[in-house]
Amino acid sequence: MPITQLLGTKDTNDSCRTFIFQGEGHTLGNALRCVISGYPDVEFCAYTVPHPMEHSMHFRIQMKKGRAVDALKRGLEDLVAVSDHILDEFSREKQAFDGRQELST
Amino acid sequence: DDHFLCILMERMLMEMAIQYGQQDSFLEINCELVKHFYKRIEELFMNISPIAGALLLQPFITNHLVDLDDQEIKSISKRFLYYFKLRFGENDADVKFTSSSDFPRSIDGIDDSWNLFNFKKNLRVAIGRLDRLDMEFDLVGVDAAIANAFRRICLVEIPTMAIEKVWIFNNTSVMPDEVLCHRLGLVPIDADPFEFNYFVTTKDLKWSPAGTQLEDLASRPPRPLHDDIVLLKLAPNQEVDVQMFCLKGIGKTHAKWSPVATCSYRLLPEIIIKEPIYGQDAYDFQKCFSEGVIDVIKNKRGIPEAVVKNPRMDTLSREVFRHPKYAKKVELSRIRDHFIYFIESTGALPPHTIFSSAIEVLSNKCDVFLEALNNLST
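Just so you know, the residues in each chain are numbered from 1, in the order the chain's sequence is written. Each chain gets a letter, beginning with A, and each ligand a number, beginning with 1, in the order they are written. Whole-chain, interface and lining totals are the exception, using all residues; otherwise, since this is a predicted model, local features are given only for residues with pLDDT of at least 70 and side-chain atom pairs are given and counted only at 80 or more. Side-chain numbers come from the whole structure's heavy atoms, not from hydrogens or water.

Undergrad: Explain the overall build of chain B residue by residue, including any values.
TA: Secondary structure elements follow DSSP: runs of H or I of four or more residues count as helices, runs of E of two or more count as strands, with numbering from the N terminus. Regarding its fold elements, chain B presents twelve helices and twelve strands. Per-residue accessibility, obtained with a 1.4 Å probe over protein chains only, is compared with the maximum for each type, and a residue is labelled buried under 20%, exposed over 50%, and partly exposed between these values. Across the 378 residues in chain B, those meeting the buried criterion constitute 40%. Sequence separation of 24 or more characterises 76% of the internal contacts of chain B that already satisfy a separation of 6 or more. Looking at chain B as shown, the accessible area adds up to about 20,900 Å², and 54% of this sits on carbon and sulfur atoms. Residue contacts follow a heavy-atom distance rule, with two residues in contact if any of their heavy atoms lie within 4.5 Å. The method behind every accessible area is Shrake-Rupley, applied with a 1.4 Å probe, and residues are considered shielded solely by the protein chains displayed.

Undergrad: With reference to specific residues and values, describe the packing of aromatic side chains.
TA: Whether two aromatic rings pair depends on their centres lying within 6.5 Å, for rings of Phe, Tyr and Trp, where Trp uses its six-membered ring; planes under 30 degrees apart make the pair stacked, over 60 edge-to-face, and the rest tilted. As enumerated under the stated definition, the model contains 13 aromatic pairs over all chains in all. Members of the aromatic cluster, each reached through a chain of ring pairs, are Phe90 of chain A together with Phe137, Phe150, Tyr265, Phe339, Tyr341 and Phe355 of chain B. The rule is short: NZ of Lys or CZ of Arg within 6 Å of the ring centre and within 35 degrees of the ring normal puts a charge over the ring. Lying over the aromatic face of Tyr39 of chain A, Arg74 of chain A brings its terminal NZ or CZ to 3.8 Å of the ring centre. Over the aromatic face of Trp257 of chain B sits the side chain of Lys256 of chain B, whose NZ or CZ is 4.7 Å from the ring centroid.

Undergrad: Could you give an account of a negative patch on the surface, naming the residues involved and the relevant values?
TA: A contiguous patch of negative charge on the surface is contributed by Asp84 and Asp88 of chain A together with Glu360, Asp367 and Glu371 of chain B. Considering each element in turn, the negative patch owes the most residues, three residues, to helix 12 (residues 351-375) of chain B. Positionally, Glu371 of chain B belongs in helix 12. Judged by its relative accessible area of 54%, Glu371 of chain B is exposed. Patches draw on residues past 30% relative accessible area with no salt bridge. Two like charges within 9 Å are joined, as are two nonpolar side chains (Val, Leu, Ile, Met, Phe, Trp, Tyr) within 5 Å. We define a salt bridge as a side-chain nitrogen of Lys or Arg found within 4 Å of a carboxyl oxygen belonging to Asp or Glu. Lys and Arg are tallied as positive, Asp and Glu as negative. Neither His nor the chain termini are counted. For this purpose, a charge sits on NZ of Lys, CZ of Arg, CG of Asp or CD of Glu.

Undergrad: Before we move on, can you summarise the nonpolar core with the specific residues and values?
TA: It is characteristic of soluble globular proteins that their nonpolar side chains tend to be buried jointly. Nonpolar cores were defined as sets of buried Ala, Val, Leu, Ile, Met, Phe, Trp, Tyr and Cys residues, with membership established by side-chain atoms within 4.5 Å. The biggest cluster of nonpolar side chains holds 60 residues, and the ones touching the most others in it are Leu72 and Ile86 of chain A together with Phe137 and Phe355 of chain B. If we skip the residues at most four places from it in the chain, Phe355 of chain B touches Ile86 and Phe90 of chain A together with Met135, Phe137, Leu139, Phe150, Cys154, Tyr341 and Ile343 of chain B. Counting 17 residues, the second-largest nonpolar core is a separate cluster that includes Ile277, Val296, Ala327 and Leu332 of chain B.

Undergrad: How would you summarise the environment of Gly25 of chain A if you had to cite specific residues and measurements?
TA: Within the secondary structure, Gly25 of chain A sits in the loop between strand 2 (16-22) and helix 1 (26-36). With residues near it in sequence (within four places) discarded, Gly25 of chain A still touches Val49 and Met57 of chain A.

Undergrad: Got a sec to walk through the interface of chain A and chain B? Specific residues and values, please.
TA: By convention, interface size is frequently given as the accessible area that disappears when the constituent parts associate. Each partner contributes to the interface: chain A provides 43 residues, whereas chain B provides 47 residues. Counting the surface lost from both chain A and chain B, the interface buries some 4,000 Å², and carbon and sulfur atoms represent 74% of this. Contact with chain B buries surface across chain A, with Thr27, Ile86 and Phe90 of chain A losing the most and accounting together for 18% of the total. Across the contact surface, chain A and chain B share one salt bridge. Once two parts are brought into contact, the accessible area they lose, counted with a 1.4 Å probe and summed over both, makes up the buried area.

Undergrad: I'd like to hear about the pattern of salt bridges, residue by residue, with values.
TA: Using the criterion set out here, one finds 15 salt bridges over all chains in the structure. Between Asp281 of chain B and Lys325 of chain B there is a salt bridge, with its nearest N and O atoms 3.2 Å apart. Placement of Asp281 of chain B in helix 10 (residues 279-287) and of Lys325 of chain B in helix 11 (residues 324-327) is noted, with a sequence separation of 44 residues between them. Given the relative accessible area of 43%, Lys325 of chain B is considered partly exposed. Within the structure, one salt-bridge network assembled from shared partners comprises Glu24 of chain A together with Glu157, Lys252 and Lys365 of chain B.

Undergrad: Lay out helix 1 of chain A with the relevant residues and their values.
TA: The periodicity of an α-helix, 3.6 residues per turn, causes residues three or four positions apart to be oriented the same way. The element helix 1 of chain A is extensively covered by neighbouring structure, given that ten of its eleven residues are classed as buried. Here helix 1 of chain A has its buried residues at Thr27, Leu28, Gly29, Asn30, Ala31, Leu32, Arg33, Cys34, Val35 and Ile36 of chain A. Against strand 2, strand 3 (42-48), strand 4 (56-63) and helix 2 (68-104) of chain A together with helix 7 (144-156) and helix 12 of chain B lie the buried residues of helix 1 of chain A.

Undergrad: Summarise the packing of helix 2 of chain A against helix 12 of chain B; cite the residues concerned and give the values.
TA: Here, axes are lines fitted to C-alpha atoms. For helices the fit covers the stretch in contact, and angles between N-to-C directions go from 0 to 180 degrees. Put simply, helix 2 of chain A and helix 12 of chain B touch, their axes get as near as 9 Å, and they point 160° apart. When the axis of helix 2 of chain A is compared with that of helix 12 of chain B, the two are roughly antiparallel. Our pair here, helix 2 of chain A against helix 12 of chain B, has a crossing hand that is left-handed. Basically, the charged four are Asp, Glu, Lys and Arg, the nonpolar ten are Ala, Val, Leu, Ile, Met, Phe, Trp, Tyr, Cys and Pro, and anything else, Gly included, counts as polar. The class makeup of the residues in the contact of helix 2 of chain A with helix 12 of chain B is 15 nonpolar, five polar and six charged. Any angle from 65 to 115 degrees is called roughly perpendicular, while one under 35 is roughly parallel, one over 145 is roughly antiparallel, and all others are oblique. A crossing counts as left-handed when the near helix is turned anticlockwise from the far one by less than a right angle, and as right-handed when that turn is clockwise.

In structure tokens:
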């Protein structure tokens, strides 16, 4: 299972949850944290890599209102949108750069 | 109030003049003109150059903000404080504003919660140099977490081809088998990784052992990128007879599969000259920085004066703070969301493809987890 949740803690309910991502680390964790921290309903958002030999990442979201899962979904979707937009800009700039190269040679 | 506005206007015009190429330092300002202009500072600076606005208000923010009576100036100043917080301050020993400001409501009166529209508006990409192996480009308007995610992916999660399985038939050299195999693995291979896909599609129905593969890949047959890498040295009567297999992999598994020699970024430096520096001091000041960063030009009164020409080339060595006569006159900082990436490819993949792939890898990671979340019943 690529994603599970931390069970059995009394701090877990619909609005406070710790998600465990298998096979991920700081690459996705920090980027996702950066996006989700910007949502106004989020009270607390942080990630940790418990041990470098274990390839998992623990991601905790606490909401003022609303479900933690919804914030996570929104964060992932926003990160996809961010990546797509950066890719578009980069491709466009690459084409413009090629055009400038052709003009100068 | 009048005094403050005079200074404000003077600095504003000084900054605009320097930005737009005229090198005048002092202009005669009329108080009435200042009063007329201050109400439109926001239009002038928010859209054209928030940097100039932030620079203008910088000394007043730190020293005088609490003394301002006028509510309008206070609210405008706070908006510039937001742009100002995008810079790191480095003054003598202290580094200011290092904590992340990417959570909403870190500054009163400004709503900087996550906004996709604003992000798209502020994002900028500019390629400085792109050839077969190296690329240098700027990425402006992202948070460090995302820039770092791309750097990490370029290093370890873009697949390439490298020697992985080696059948050794004979090795009577002085080099042990595993050492030789380790060296073979590190040899960069000129093969397009996209030709070797994990999944078999109907297009690959004619896929068969290596023999026919050589015909399919005839336009770019897999071979080492460099013909002159010394693998080992033999003495008389020693022999090495090996058969090697190249497999596709990612840098996370072993660094030999990394597509880049390295991928790094730095932040754009910013040098702010708070008080003008003239004469011989200006030439000494120029020597404190890397070549080409500071320019000494004759100002309107014919005196040589130091101006910042190209802060991008500076290494921010802080040499200037070792000289007490300049230490108070200059401030060094970095622009928090302007990343100058430098991607050095090993040659198998061109650098712009590496970065484009990195962005797609991040996007795919998110898609994997979105699908997993959708499949969960909760």
